[in-house]
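A structural walkthrough
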Amino acid sequence: MEIMEFDGNSYLDFADDIALLLSNQQHAKEKITKLNQYAAQTGLQLNKKKTELLKINSRCNTGIQIDNHQLNEVDKYTNLGATVNEREGVEKDIKNRICKA
């Protein structure tokens, strides 16, 4: 795992997966659109069926689209054994890890 910068924001890079960490819905729309454009410029494309959206403590009910494809919204994200969920972020995962230590 590597923390990198993309267009002024941090993201986590997991081999062939990227987790964008964004503060609001508008930033998410802009950054996903730019990522899709940059990928296309290099001959790559985002897998729209596998691209997922996790909102943490968000009141926004609108979704995000890539090329007129609505992204699937999920209530939790797990990668490399770490879980983030929409209500508690990483708090529950951290508490569970501390209890197991």
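Look a little higher up for the structure.
Keep in mind that what you see is a predicted model, and the values were worked out from it rather than measured.

The rules we used
Residues numbered from 1 in each chain as written. Predicted model: local features only at pLDDT ≥ 70, side-chain atom pairs only at ≥ 80, totals over all residues. Heavy atoms only, no water. Helix = DSSP H or I, 4+ residues; strand = E, 2+ residues; numbered from the N terminus. Buried < 20%, exposed > 50% of the residue type's maximum accessible area, 1.4 Å probe, protein only. Contact = heavy atoms within 4.5 Å. Areas by Shrake-Rupley, 256 points an atom, 1.4 Å probe, with all protein chains shown as cover. Patch = residues over 30% accessible without salt bridge, like charges linked within 9 Å, V, L, I, M, F, W, Y side chains within 5 Å. Salt bridge = Lys/Arg side-chain N within 4 Å of Asp/Glu carboxyl O.

**Focus on the overall build of the chain**
- Within the chain one finds 2 helices and 9 strands.
- Helices and strands appear in the chain in the N-to-C order β-β-β-α-β-β-β-β-β-β-α.
- Counting across all 101 residues of the chain, residues that qualify as buried make up 25%.
- Partitioning the contacts of the chain with sequence separation of at least 6, the portion at a separation of at least 24 is 32%.
- Entry remark: accessible area of the chain is about 7,700 Å², with carbon and sulfur atoms responsible for 48%.

**Comments concerning a nonpolar patch on the surface**
- A cluster of nonpolar side chains, namely Val90, Ile94 and Ile98, defines an oily patch on the protein surface of about 260 Å² accessible area.
- Classification of Ile98 as exposed rests on a relative accessible area of 59%.

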